[in-house]
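Remarks on the overall topology
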Amino acid sequence: MKILVINCGSSSLKYQLIDMEGEKVLAKGLCERIGIQGSRMKHEVPGQEDYIVETDMPDHSVAVKLVFDALTGEHGVVKSVDEINAIGHRVLHGGNKFTQSIVVNEEVKKVIRECFDLGPLHNPANLMGIEACEKVVPGKQNVAVFDTTFGMTLPEKAYFYAIPKEYYDKYAIRRYGFHGTSHAYVSAETIRFGGLDPEKAKVIVCHLGNGASISASIGGKAVDTSMGLTPLEGLIMGTRSGDIDGAVIQFIANHENKSVDEVLNILNKKSGVLGMTGISSDFRDIEQAAEKGNHMAEVALDAFRYRVAKYIGAYAAAMNGVDAIAFTAGVGENDKVTRRLVVEQYLGYLGAKIDPERNDVRGKETLISADDSKVKLFLIPTNEELAIARDTQRLTK
Ligand code: AMP
């Protein structure tokens, strides 16, 4: 069975064709600048030179057509579209309607549309991707895999905001959590790789990338997660502030003569380690600056690790214990210093001990804790595309 995984942004489309026998990536690529001058597609097949197409892509349908042409044409990996069994789509927000991935029909599309308000940057693009596939390859099953479904098992005490209940009733304002596909995949993989109890294992997953979030799960089911109604809440990120006193929004709006929307844009796109340092949203740049003695770069990294540690502490308390902590995503998979400092500076009271030699690793499933650590520590690379493909296979078999 071959599954095409699609992740649409407003002007981009990322894809992977995965052969589910052996879970091998046959081809992957990226269409950029859709609807903007200078559109371009990069198509990669392992062992072959990259195939670049520079042509107008006025909308997502044209991009999807190019993707199918690339997959089946001269640089292709399948003879015809018929060999592709189904398409899995990453969809950001499923509101409180979807507790699982689902095969797309008119009703599903309606709900994705109703959630435009909750995911204004992503949901419209995700729906465009689905509709483009319906147009270009009619009859092929499309599956929507939501970033929010992992958070749907949160208990009420974890997902209710302490604001008037009418806002939940009217607008479904609650904590949802994001990076759900990654948290679900990594927590399951931690249990499998670590040989933990699949029903009872208490696992904390630290997804530390440009966007960053932490989840607590028991037996692979989320009990808490750090992002909220939107991905703004929780950790300090590349460009997002994470947790903040709401009054800061009012203060900046009043003093800088800005609207709430403008301030939210600052909190989402100009804050985090970028905002604190004025240097970059990329953690490698911040680390370089810190090494050269830039004070705010040091503070930003310190604050980032401190917030991670506070969430780990909170989630260990929420679950009344923790069996394993897994690090994943760009920083979590590649940055041994961040992993070591989080554990050594803050997690001693849990009996967590990192093994520096085991921790000297990148992007590979590894036990990084010492043998006498009371909590198992892991590096588990995330694979959201594979998680989407697995769900798509399960629902369309
Ligand atoms: P992601 O959003 O998961 O793709 O992660 C992207 C982030 O990972 C970037 O901001 C990089 O700063 C960070 N990253 C990648 N490699 C390293 C590394 N070796 N050390 C520190 N940060 C890294």
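Looking at an unreviewed UniProt entry, one finds the protein chain named Acetate kinase, with Oribacterium asaccharolyticum ACB7 as its source organism. In its Pathway (unreviewed entry) section, the UniProt entry covering the protein chain states "Metabolic intermediate biosynthesis; acetyl-CoA biosynthesis; acetyl-CoA from acetate: step 1/2." You can read under Catalytic activity (unreviewed entry) in the UniProt record for the protein chain the words "acetate + ATP = acetyl phosphate + ADP".

So, on to the UniProt feature "site: Transition state stabilizer" (unreviewed entry) in the protein chain. The positions that UniProt labels "site: Transition state stabilizer" (unreviewed entry) are, in the present scheme, His179 and Arg240. Checked against the element boundaries, His179 lands in the loop between helix H5 (166-171) and helix H6 (180-194). Look at His179 and you get buried, because its relative accessible area is 11%. Apart from the residues lying within four places of it in its own chain, the contact partners of His179 are Asp147, His207, Gly211, Ala212, Ser213 and Met227. When near neighbours in sequence (up to four residues on either side) are disregarded, Arg240 contacts Gly211, Met227, Pro231, Leu232, Leu235, Leu267, Asn268, Ser271 and Gly272.

This paragraph deals with the sheet that holds strand S14 (residues 376-379). Strand order in the open sheet formed by six strands is S11-S10-S9-S12-S14-S13, with mixed pairing between adjacent strands. If you trace the sheet from one side to the other, it starts and ends with strand S11 (221-225) and strand S13 (366-367), each paired once. Where strand S10 (residues 212-218) meets S11, four bridges bridge the pair, whose relative direction is antiparallel. Of the residues in S11, the one forming a bridge with Ile218 is Lys221.

Here we take up the site of the ligand. For the ligand, the set of nearby residues contains 13 residues, the closest of which are Asn210, Asp282, Phe283, Gly330 and Val331. Contact between the ligand and Val331: an oxygen atom at 3.5 Å from a main-chain N or O atom of the residue. Considered on its own, the ligand offers 500 Å² of accessible surface; in the complex 74% of this is hidden by protein. Within the residue set of the shell around the ligand, elements represented by two or more residues are helix H10 (283-291) and helix H12 (329-334). By residue number, the principal contributor to the shell around the ligand is H12, which donates four residues. Classifying every residue of the shell around the ligand gives three nonpolar, five polar and five charged.

A separate point is the packing of helix H7 (residues 247-256) against helix H8 (residues 260-269). Between H7 and H8, whose axes approach to 9 Å, the crossing angle comes to 115 degrees. Here H7 runs over H8; the crossing is right-handed. Residues Ile249, Ile252 and Ala253 of H7 form the contact with H8, whose participating residues are Val260, Val263, Leu264 and Leu267. Taken together, the residues of the contact of H7 with H8 sort by class into seven nonpolar, no polar and no charged.

Moving on to the sheet that holds strand S4 (residues 40-44). The eight strands lie next to each other as S5-S4-S3-S2-S1-S6-S8-S7, forming an open sheet whose pairing is mixed. Looking at which strands have only one partner, the edges of the open sheet turn out to be strand S5 (51-53) and strand S7 (102-103). Relative to S4, strand S3 (residues 24-32) runs antiparallel, the two being bridged by five bridges. Bridge pairing in S4 links Gly29 to His43. In this fold helix H1 (residues 60-72) packs onto strand S1 (2-8), strand S2 (13-19), S3, S4, S5 and strand S6 (84-91), with an angle of close to 30 degrees to the strand it touches most, S2.

Let's shift gears to the UniProt feature "active site" (unreviewed entry) in the protein chain. Summarizing the sequence annotation, UniProt attributes the feature "active site" (unreviewed entry) to Asp147 in the numbering used throughout. Mapped onto the elements of the fold, Asp147 is located in the loop between strand S8 (141-146) and helix H4 (156-159). Residues within four places of Asp147 in sequence aside, it is in contact with Arg90, Val91, Leu92, Gly177, Phe178, His179, Gly180 and Thr181.

Moving on to the packing of aromatic side chains. Applying the stated criterion to the full structure yields nine aromatic pairs. Pairing Tyr306 with Tyr346 gives two aromatic rings, centres 6.0 Å apart and planes at 50 degrees, and the pair type is tilted. Of this pair, Tyr306 sits in helix H11 (residues 295-318) while Tyr346 sits in helix H13 (residues 336-346), and the two are 40 residues apart along the sequence. Its relative accessible area of 43% is what places Tyr306 among the partly exposed residues. The exposure class of Tyr346 is partly exposed, given its relative accessible area of 25%. By way of ring pairs, the aromatic residues Tyr159, Phe160 and Tyr168 are connected into one cluster. The ring of Tyr159 carries Arg174 above its face, with NZ or CZ at 3.7 Å from the centroid.

A word on the nonpolar core. Generally speaking, nonpolar side chains in soluble globular proteins are found buried as a group. Counting 43 residues, the largest nonpolar core has Ile204, Cys206, Leu208, Ile214, Val308, Ile312 and Ile325 as the members making the most contacts within it. The set of elements that each furnish at least two residues to this core consists of strand S9 (202-208), S10, H10, H11, strand S12 (324-328), H13 and S14. The element contributing the most residues to this core is H11, with 10 residues. If we ignore the near neighbours within four places in the chain, the residues touching Val308 are Cys206, Leu208, Ile214, Leu235 and Val342. With 27 residues, the next largest nonpolar core counts Met41, Ala70, Leu71 and Cys133 among its residues.

Calculation notes
Residues numbered from 1 in each chain as written. Predicted model: local features only at pLDDT ≥ 70, side-chain atom pairs only at ≥ 80, totals over all residues. Heavy atoms only, no water. UniProt positions renumbered as here; feature names shortened; annotations may be inferred. Helix = DSSP H or I, 4+ residues; strand = E, 2+ residues; numbered from the N terminus. Buried < 20%, exposed > 50% of the residue type's maximum accessible area, 1.4 Å probe, protein only. Contact = heavy atoms within 4.5 Å. Pairing = 2+ DSSP bridges. Near = heavy atom within 4 Å. Polar contact = N/O pair within 3.5 Å; in protein donor to acceptor, adjacent residues only side chain to side chain. Areas by Shrake-Rupley, 256 points an atom, 1.4 Å probe, with all protein chains shown as cover. Nonpolar A, V, L, I, M, F, W, Y, C, P; charged D, E, K, R; others polar. Axes fitted to C-alpha atoms, helices over the stretch in contact; angles between N-to-C directions. Left-handed = near helix turned anticlockwise from the far one by under 90°. Phe/Tyr/Trp six-rings, centres within 6.5 Å; stacked < 30°, edge-to-face > 60°. Lys NZ or Arg CZ within 6 Å of the ring centre and 35° of its normal. Core = buried A, V, L, I, M, F, W, Y, C linked by side-chain atoms within 4.5 Å.

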